[in-house]
Every structure is written in structure tokens, then in C-alpha cells.
Amino acid sequence: MESEELMEKIVSLCKRRGFVFQGSEIYGGLAGTYDFGPHGLALVNNIKNSWWHTNVHEKDNYYGIDSAIFKDPRVWEASGHTSGFSDPLAECRVCNTRVRVDKELGRLGVAADEKMSEEEINALFDAHKNEIKCSKCGKSDFTQVRAFNLLVKSNLGDFTSKGDSPVYLPGEASQGIYLNYKNVVDTMHPKLPFGIAQIGKAFRNEISPRNFLFRTREFEQADTQLFIRPNENKDAFERIKQERWDWYLQLGIGENKLRVKQHDNLVFYASDACDIEYEFPTYGFDEVEGIHDRTDYDLTQHSKHSGVDLSYIDQQTGEKFIPWILETSMGVGRVFLAVISDAYTEDEMNGEKRAYLKLKPAIAPVKAAVFPLVKNKEELVEKAREVYLDLKKEIPSAMWDDNGNIGKRYRRQDEIGTPYCITVDFETLEDDAVTVRNRDTGEQERVSVEELHSYIEKHL
Ligand code: ATP
């Protein structure tokens, strides 16, 4: 299947089966925004819970927080976002469409990124401009490259901002962790190395939001910051890289679709950086998570700008220093898209073509769907409701489905990625057993109602 066609099928399945809808759809849609529907939210929550479990619950020295969206405007000055958080864009002189120059150069195999100065990137763009075509009109007639700041302003600043600075929406979620570093030290008394984890919203004025959930203007980031002693970064960085890689495999993503991309061009304060990339249909390999060795930059900056000393004092030795930071920052929407793309499968079952999401059962939005064989036999429906309600007590994501005939229900549940479909039929009334059908193989097994819950649990 052409990869473009595949992405179209995935986007259409996401809408048809209640995973993802265009934001503000009934008003024609607001570009760069998406809403998660019932099954999409369940899948997002399962991904986030898995991430939280691995990064907080399974560790003994990581602390979870949830910081406010609105932050003092000086936070974004200190972090460098007001001056340096920008994308290099050029405008098509024919149709005014803007192109992201670093990405276009990257497609030609020319190393360029948003960290370059305007002069540097303009020099590269001048050399290759004739090879780049406008995505809308196909012409190669562009303006000079200019840096466009991505921060989104709010009007909360009309009342509370200091001086003329607006209160921005977070360009990245991680600043909330730096702001709470001292609070966590003072209240939890952690010993180095320790980590803080947070899942939070980020907003970026992306000039050309595109590729479905890949580049949106509002998205969630799942971040960890590991605070370490100065110069103890190298081994820890490698360990974190491995841990994050392992998590993607644990989520069920195929290893052949993942790769680590080393950054050649580091920002001045960074000691190391790489991305974990997934090979998306149509767009190819692109970033789902960044892993950064940030030295003491963040806490030093916030110490300077806030006037509060963010040094750590080692209680045993009395040493005082600014900890270094190793960061992991994952886009929840991009991982959701990677998971769905990876799970999307087409095959033939009983002579019929079908599409299904081969999701790892543990993250499937619906773990089991219960059907009555027919809808018009009261006794049968009553029994099926009883089976369903009993199962739901143990497996809350169990779903009732009596829409259409059995074939349609299987097709619907396959596309939702439901690993088990349970049919209550006339025999159930005699033998108190149901038919359980496996999503991937189509195999059916007779299971007694009494053992149903443990059967499903065992297979999850
Ligand atoms: P890109 O180069 O693709 O714009 P980035 O390097 O700016 O991404 P980071 O600032 O490192 O991204 O953010 C960490 C993670 O947040 C990314 O790996 C990605 O998964 C996610 N992310 C960043 N921008 C967006 C966006 N506009 N839409 C959805 N997810 C995003």
C-alpha cells in the first residue's frame, strides 16, 4: 500500500471510530487543533499511564508534579524562549505560503536546524533555493528567511504581567519542572540524582500545522528532568536513552520503525542531544521524543532571573552547586499517532478483507466487547447485559455493542483494536458459557461465564 494512502486510511479510521476529530469541526475546524473522542482519549490515557508508571512508579527517586499553565512572563525570558524560540520561515512570493526552511533543506539532505542564526540559514537557503518548491503553487520564488517566534500570547497579561511582557502560554511543559525544583527539594528532601516528571500542555504558533497529530498548535508533552551532580552526565545519558528506547518497545511499537538520531548541531550550553524517531507513513522518520543533556543551564538561568539561589546543598558533605539536568521530552500526540500507525493492519479473514488495530492488549482502549447474538430476544439480551455488567466491574473498559449484525460488530471492534469479542448466544442460556473471539486470529473459544474475567485478564 502507498504510504500516503495508508495515512489517509488511518486518519479516516480515527474519525470513523471515535479516536480523533478536527478541533471546532462544526465551525469548519480550527487549524492545528484536534479533539480526542472516547476511544482516542482511552488510548491516550493508556499511553500516559504506561509512561507515568515507567517514569514515576517504577522508580524510587522520581517525583510527579503538575504545574500551572500560566507562568510569570520572566520565566520565558530566563529560558530564552522570548528571544530564541523560533522557526526559520520564508514566504513564497507568488502565493504567500510560508515554508519551514530547515525542514525543506533537511529533505534535500542539507544539515540545517532552527538553532542556526538567520545569516547562516539564509546562506544555505540561497545556495539551494532553486531546488525547493512551494507546497501550494509549485514555484521557487521565495523571500529571505526570517525567524518567527513560536510563543503564543495570552491576554492574562493585561491584568497581571510585569511591565510590558504578556503572559505566554507554555511553549514547552518542562519549565514548570524547573520552577518547582526548589519546592520538591524543600518538601521531599531527595538525594541526587533524582528526577521530576510531568505531563503538561504546550502551545506553539506553528505557522504550518500539518501531518494530522504530528504538528499541532496545542499538544501534550510528557517530560522528565533528572537532576545530577556536575559532570556525572555521560553514563546517565546513555542509560536514559536505553530506558526510553525500551519503553517504546514495551508499548508494542516495532523496533524496525524506530531509530535514534544524534544531534550534530548542539545549542551552546548542551553537552549532548538526540531524538527518538518513528517512521510515520507518508512523512517518514521524524521525532517523537527529544533527549537532552542540558548541563547547568536551566537552573543557572532561573537563579539569575528570579534572584533565588537554586543551588543544591549536599547534606553529607556540605558541598553547594547547581545540579546538571538530563531531560526527556515526549510528544503524547506524536506517540499516539506512532502507536496507531504501527498497529494498523489489513488482512483477509474468512474470505473478507478487513482492517484492524493490532494494539498491544494492555493499551487497547476497549479490552473486551460483549454482544447479544440477536437484539430481539429479551431473555438473551438480559443474560448478555448481566455478563457485560459483571465483566465491567472487573474490566472497566469493557464495552456493550449491539449495533448492526455480528459481522458489523466484529469489523467495528477490530478497527477499535478490541482484543476480545464476547458473544452471548442461545446456548449460553443452557450451558452458561460464551463464545470469545480473538481479534488477531479470529479463533473462537467457548469459555464459561464464571471463568470469563480470569480468561480475559490472563490474556491481557
Ligand atoms: P520539531 O523539530 O518537530 O518542531 P522540536 O524539536 O521543536 O520538534 P521539542 O521542543 O524537543 O520539539 O519538543 C519535545 C517533543 O514535543 C517533540 O519530540 C514532539 O514529540 C513534541 N512536539 C513538539 N512540537 C510539536 C507540535 N507542534 N505538535 C505536536 N507535538 C510536538
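### Structural notes on the overall build of the protein chain
Part 1 of the argument: Counting its secondary structure elements, the protein chain contains 15 helices and 21 strands.
Part 2 of the argument: Across its three principal directions, the C-alpha atoms of the protein chain cover 75 × 65 × 45 Å.
Part 3 of the argument: A total of 460 residues make up the protein chain; the buried ones form 51% of that total.
Part 4 of the argument: Pairs at least 24 apart in sequence give 64% of the contacts found in the protein chain among residues at least 6 apart.
Part 5 of the argument: Surface accessibility of the protein chain: about 22300 Å² in total, with carbon and sulfur atoms responsible for 47%.
Part 6 of the argument: Averaged over its 59 positive side-chain charges, the protein chain has a centre that lies 4 Å from the centre of its 78 negative ones.

### Re unusual backbone geometry
Among all residues save glycine, negative phi is the norm, and among peptide bonds the norm is trans.
Part 1 of the argument: Residue Pro 193 is reached from Leu 192 by a cis peptide bond, and omega for that bond is -5 degrees.
Part 2 of the argument: If you trace the backbone, Pro 193 turns up in the loop between helix H8 (175-188) and strand S7 (194-203).
Part 3 of the argument: Positive phi values are uncommon outside glycine, yet His 189 reaches one of about 50 degrees.
Part 4 of the argument: As for its position among the elements, His 189 is in the loop between H8 and S7.
Part 5 of the argument: The class for His 189 is exposed, based on a relative accessible area of 58%.
Part 6 of the argument: Even without a glycine there, the phi angle at Thr 282 is positive, about 75 degrees.

### Quick notes on the sheet that holds strand S19 (residues 420-424)
By way of backbone hydrogen bonds, the strands of a sheet pair with one another, either parallel or antiparallel.
Part 1 of the argument: Overall, mixed pairing links the five strands, which are arranged S18-S17-S19-S20-S21 in an open sheet. With partners counted over all chains shown, the strands left at the sheet margins are strand S18 (399-400) and strand S21 (444-448), one partner each.
Part 2 of the argument: Strand direction decides the pairing type here: S19 and strand S20 (residues 433-438), joined by four bridges, are antiparallel. Bridging across to S20, Cys 421 finds its partner in Arg 437.
Part 3 of the argument: Its contacts with the sheet place helix H15 (residues 449-459) against strand S17 (368-372), S19, S20 and S21, and it is angled at close to 125 degrees to S21.

### Some points on the nonpolar core
Part 1 of the argument: Ranked by internal contacts, the top residues of the largest apolar core, which has 56 residues, are Phe 19, Tyr 248, Val 335 and Phe 336.
Part 2 of the argument: Per-element accounting of this core gives the leading share, eight residues, to helix H11 (residues 332-343).
Part 3 of the argument: Contact partners of Tyr 248, with chain neighbours within four places excluded, come to Ile 253, Leu 258, Ile 276, Val 288, Glu 289, Met 330 and Val 335.
Part 4 of the argument: Counting residues in each nonpolar core, the second largest holds 19 residues, with Tyr 388, Trp 400, Val 434 and Leu 452 among its members.

### Describing the domain arrangement of the protein chain
Part 1 of the argument: With domains assigned, the protein chain is organised as domain 1 (3-76 + 151-340), domain 2 (86-149) and domain 3 (366-459).
Part 2 of the argument: Using C-alpha coordinates to define each centre, domain 1 is positioned 27 Å away from domain 2.
Part 3 of the argument: Listed by partner, the interface residues are 11 residues for domain 1 and 10 residues for domain 2.
Part 4 of the argument: Contact between domain 1 and domain 2 buries roughly 820 Å² in total, counting both sides, with carbon and sulfur atoms accounting for 44%.
Part 5 of the argument: Of all residues in domain 1, the largest losses of buried area upon contact with domain 2 belong to Leu 151, Ile 207 and Asn 265, amounting jointly to 51% of the total for that side.
Part 6 of the argument: Linking domain 1 with domain 2 are zero salt bridges, by the criterion used here.

### A closer look at the packing of aromatic side chains
Part 1 of the argument: Tallied over the entire structure, the rule returns 20 aromatic pairs.
Part 2 of the argument: Ring centres of Tyr 278 and Phe 280 lie 5.1 Å apart, and the angle between their planes is 80 degrees; this geometry places the pair in the edge-to-face category.
Part 3 of the argument: Geometrically, the ring pair formed by Phe 280 and Tyr 283 is tilted, given 5.8 Å between the ring centres and 35 degrees between the ring planes. Per residue, the accessibility class of Phe 280 equals that of Tyr 283, and both read buried.
Part 4 of the argument: Above the ring of Tyr 62, the side-chain terminus of Lys 59 is found at 4.4 Å from the ring centroid.
Part 5 of the argument: Here Arg 354 stacks its cationic end above the ring of Tyr 356, 3.8 Å away from the centre of that ring.

### Section: the pattern of salt bridges
Part 1 of the argument: This structure, assessed with the given rule, holds 37 salt bridges.
Part 2 of the argument: The residue Lys 320 makes a salt bridge to Asp 309 at a minimum N-O spacing of 2.8 Å. Remark: Asp 309 occurs in the loop between helix H10 (297-306) and strand S12 (312-313) and Lys 320 occurs in strand S13 (residues 320-321); sequence separation between them is 11 residues.
Part 3 of the argument: You can call Asp 309 partly exposed: its relative accessible area is 42%.
Part 4 of the argument: With a closest N to O distance of 2.8 Å, Asp 414 and Arg 437 form a salt bridge. With Asp 414 in helix H13 (residues 406-416) and Arg 437 in strand S20, this pair connects stretches of sequence that are 23 residues apart.

### Things to note about a nonpolar patch on the surface
Part 1 of the argument: The grouping of Ile 69, Phe 70 and Leu 156 at the surface amounts to a nonpolar patch, some 220 Å² of accessible area in total.
Part 2 of the argument: With respect to the secondary-structure elements, Ile 69 resides in the loop between strand S3 (62-64) and helix H3 (74-78).
Part 3 of the argument: When its relative accessible area of 32% is taken as the criterion, Ile 69 is described as partly exposed.

Cut-offs applied
Residues numbered from 1 in each chain as written. Predicted model: local features only at pLDDT ≥ 70, side-chain atom pairs only at ≥ 80, totals over all residues. Heavy atoms only, no water. Helix = DSSP H or I, 4+ residues; strand = E, 2+ residues; numbered from the N terminus. Buried < 20%, exposed > 50% of the residue type's maximum accessible area, 1.4 Å probe, protein only. Contact = heavy atoms within 4.5 Å. Areas by Shrake-Rupley, 256 points an atom, 1.4 Å probe, with all protein chains shown as cover. Lys, Arg positive; Asp, Glu negative; His and termini not counted. Charge placed at Lys NZ, Arg CZ, Asp CG, Glu CD. Pairing = 2+ DSSP bridges. Axes fitted to C-alpha atoms, helices over the stretch in contact; angles between N-to-C directions. Core = buried A, V, L, I, M, F, W, Y, C linked by side-chain atoms within 4.5 Å. Domains from an automatic or database assignment. Buried area = accessible area lost by both parts, 1.4 Å probe. Salt bridge = Lys/Arg side-chain N within 4 Å of Asp/Glu carboxyl O. Phe/Tyr/Trp six-rings, centres within 6.5 Å; stacked < 30°, edge-to-face > 60°. Lys NZ or Arg CZ within 6 Å of the ring centre and 35° of its normal. Patch = residues over 30% accessible without salt bridge, like charges linked within 9 Å, V, L, I, M, F, W, Y side chains within 5 Å.

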